[in-house]
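# Summary of structural features
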Amino acid sequence: FRPENKESMGVAGDGSATAFKTFKETVKELGHTGKSLSILAIDCEGCEWDIYKEVLSSDVMTVQQVLFQMHGTPFIANRFFVAMHNAGYAIFHREEVGVSVYDYSFLKLAPSYFGSTKPQLRQPTNNPEK
């Protein structure tokens, strides 16, 4: 996948072909629009820090389990984990698979699991030093 906000990613030098599609384009092309997907695995060598927002905000399908291979730990990492929590996902597996490379497995839980008092975590400020 390529993040929706990075239109030039994967475009040939002459602009003739796009090698990468957005998450929504891929779901539509595969005929998964409006369906529920059991497992989605994402290992895109760093683009996971951009792509997760599209998976969570996707109005094209529901994903029960999301498996991410996370590369590095940018200052936006907290935003990722807060967004996953607020979307109803819980970590059920974490494994270090290389230097600064981790596999995270998330499961979408029913809202009733959290009860009526599930706290919505606040996103960190834009300042990476805070």
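Not measured: the values here are computed from a predicted model. Sequence order sets the numbering: in each chain, residues are counted from 1 along the sequence as written. Residue-level local features of this predicted model are given only where pLDDT is at least 70; pairs of side-chain atoms are given and counted only at 80 or more, and the full residue set underlies all totals for whole chains, interfaces and linings. As a rule here, side-chain values come from all non-hydrogen atoms in the structure, and water together with hydrogens is ignored.

Looking now at the overall build of the protein. Helix and strand counts for the protein stand at four helices and four strands. When the helices and strands of the protein are read in sequence order from the N terminus, they spell out α-β-α-β-α-β-β-α. Expressed as a percentage of the 130 residues in the protein, the buried residues total 32%. Contacts spanning at least 24 positions in sequence make up 59% of the contacts within the protein whose residues lie at least 6 apart. Areas reported here follow the Shrake-Rupley algorithm with a probe of radius 1.4 Å; residue values treat only the protein chains shown as occluding. When the accessible surface of the protein is summed, it comes to about 8,100 Å², and 52% of that surface belongs to carbon and sulfur atoms. Starting at the N terminus, helices and strands are each numbered in turn, a helix being any DSSP run of H or I of at least four residues and a strand any DSSP run of E of at least two. Think of it in three bands: with a 1.4 Å probe and only protein chains considered, a residue is buried below 20% of the maximum accessible area for its type, exposed above 50%, and partly exposed in between. The criterion used for residue contact is that any of the two residues' heavy atoms lie within 4.5 Å.

This next bit is on the packing of helix α2 (residues 48-57) against helix α3 (residues 77-86). Two elements in contact, α2 and α3, have axes separated by 10 Å at closest approach and are oriented at 15°. One way to sum up the angle between α2 and α3 is to call them roughly parallel. Judged by the twist between their axes, the crossing of α2 over α3 is left-handed. Across the interface between the two elements, Trp49, Tyr52 and Leu56 of α2 pack against Ala77, Arg79, Phe80, Ala83 and Met84 of α3. Gly falls in the polar group here, along with every residue not listed as nonpolar (Ala, Val, Leu, Ile, Met, Phe, Trp, Tyr, Cys, Pro) or charged (Asp, Glu, Lys, Arg). The residue inventory of the contact of α2 with α3, partitioned by class, reads seven nonpolar, no polar and one charged. To obtain each axis, a line is fitted to C-alpha atoms, and for helices this fit is confined to the stretch in contact; angles are then taken between N-to-C directions over 0 to 180 degrees. Should an angle fall under 35 degrees it is taken as roughly parallel, and over 145 as roughly antiparallel, whereas 65 to 115 is taken as roughly perpendicular and any remaining angle as oblique. By the definition used in this description, the sense in which the near helix is turned from the far one sets the handedness, with an anticlockwise turn below a right angle giving left-handed and a clockwise turn giving right-handed.

Now for α3. Summarising burial for α3: seven of the ten residues are buried, a large majority. Looking at α3, one finds that the buried residues are Ala77, Arg79, Phe80, Val82, Ala83, Met84 and His85. On its buried face, α3 is in contact with α2, β2 (61-71), β3 (89-98) and β4 (101-108). Once α3 finishes, Gly88 follows within two positions and takes phi at roughly 95°, a positive value.

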